[in-house]
Amino acid sequence: MMHTIDEIKSGFGKKGVQLVAVSKTKPVQEIMRVYRQGQRIFGENRAQELERKAQQLPEDIEWHMIGHLQRNKVKHIIPHTAMIHSVDSIRLAREVNKLARQAGRSIPCLLQIRIAREESKYGFDFQPLKEWLDSGEWKDLDNIIFAGVMGMASFVSDMDVVRREFRLLKTCFDKLKSSVFADAPAFREVSMGMSGDYLIAIEEGSTMVRIGTLIFGERSSY
Ligand SMILES: *Cc1c(COP(=O)(O)O)cnc(C)c1O
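Summarised in this report is the structure supplied together with it. Fair warning: this is a prediction, and the values are worked out from it, not measured in the lab.

To continue, consider the site of the ligand. Taken together, Val22, Lys24, Ile66, Met152, Met194, Ser195, Arg210, Ile211, Gly212, Thr213 and Arg219 make up all the residues around the ligand. Between an oxygen atom of the ligand and a side-chain N or O atom of Thr213, the distance comes to 2.5 Å. Contact distances for the ligand include 2.8 Å between an oxygen atom and a side-chain N or O atom of Arg219. Look at the ligand: alone it shows 390 Å² of surface, and the protein chains cover 91% of it. With respect to the detected pockets, the ligand is housed in the largest pocket. Looking at the shell around the ligand residue by residue, the class counts come to five nonpolar, three polar and three charged.

A separate point is the packing of aromatic side chains. One pass over the full model with this rule turns up seven aromatic pairs. Taking the centre distance of 5.9 Å and the plane angle of 25 degrees together, the rings of Phe146 and Phe181 count as stacked. Note that Phe146 is positioned in strand 6 (residues 144-150) and Phe181 in the loop between helix 7 (159-177) and strand 7 (189-191), a separation of 35 residues in sequence. A single burial state applies to Phe146 and to Phe181, both of which are buried. Among the aromatic residues, those joined into a cluster by ring pairs are Trp138, Phe146, Phe173, Phe181 and Phe187. Over the ring of Tyr35 we find Arg40; its NZ or CZ atom is 3.5 Å from the centre of that ring.

In this structure, the largest pocket encloses a volume near 1,000 Å³. Lys24, Asn45, Met152, Met194 and Arg210 are the residues nearest the centre of the largest pocket, which is lined by 34 residues in total. For the lining of the largest pocket, the secondary-structure elements that each account for two or more residues are helix 7 and strand 8 (208-211).

The rules behind the values
Residues numbered from 1 in each chain as written. Predicted model: local features only at pLDDT ≥ 70, side-chain atom pairs only at ≥ 80, totals over all residues. Heavy atoms only, no water. Near = heavy atom within 4 Å. Polar contact = N/O pair within 3.5 Å; in protein donor to acceptor, adjacent residues only side chain to side chain. Areas by Shrake-Rupley, 256 points an atom, 1.4 Å probe, with all protein chains shown as cover. 1 Å grid on protein atoms, 1.4 Å probe; cavity = no way out; pocket = protein on both sides within 12 Å on 5 of 7 lines; lining within 4 Å. Sits in = over half its atoms within 2 Å of the grid points. Nonpolar A, V, L, I, M, F, W, Y, C, P; charged D, E, K, R; others polar. Phe/Tyr/Trp six-rings, centres within 6.5 Å; stacked < 30°, edge-to-face > 60°. Helix = DSSP H or I, 4+ residues; strand = E, 2+ residues; numbered from the N terminus. Buried < 20%, exposed > 50% of the residue type's maximum accessible area, 1.4 Å probe, protein only. Lys NZ or Arg CZ within 6 Å of the ring centre and 35° of its normal. Points joined across faces, edges and corners; volume = space filled by probe spheres on them.

In C-alpha cells:
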C-alpha cells in the first residue's frame, strides 16, 4: 500500500518534523511522481546513485545521503548533497571536511550513533564519540556544519525495544546539545524513524524521518 506525501505528513501529529523520501533503487520517473506531490527532500544510500539522480532530476531537490559512505566515494556526492546523515567515523568526517573545503562548500552532517544492540555495523559508540568531540578537533572541521544525530533502531517487531533505542538516541542528542554543542544552534536534528517505526520515533523526539517503502512501495533489493 503506497501513501501520498500529504497522507504521511498528516499523520505526524506535530509540526516541524521533516520528511526525507527514501528513493534508493527507485527510477527517476518514480521520484518525479513524488516530486509532483510537492516533496523536495529525497534520501539515497549509495554515492554514485545519488550523483546520477542529482544530475538527472530538478535542481531544487535536496539530496540527503543516508547510507554508509566509504571515504573513496565522498567525491561523488560533495557537489550534490544537502545533508549527510551517516557520518559514522572520525576519518570519514575528516575526508568530508577536506573535499567540502576543496569544493568551497559547507555541508550539514549528522553523527550516526549506534543504538541497536547487535545487527547494526555502522555508527559511533557514544562514549568514544563524546571523547573525540571533547577533544575539540571538530571545531577545526570548518566545512562541516554539525547538525545533529542519526540512528537506526533494531529491525525487530517488538516496538518496546525500538522505542527504547529511539529514547537512547534522543538522550545522546540531549547530552551533546547541552555540552559540546551548547553554543551551536545548527546542532538541532534527530534523524530517526523509517516506514515501520516513524510514529514511535516522532513520539520520542525525532525531527527528521526517513521513509521509503510507504511512499514508493516495496524495494526488490537493498
Ligand atoms: C532504506 C532506508 C530507510 C527507509 O526504509 P523504509 O523501511 O523503506 O522506510 C531509512 N533509512 C535508511 C538509512 C535506509 O537505508
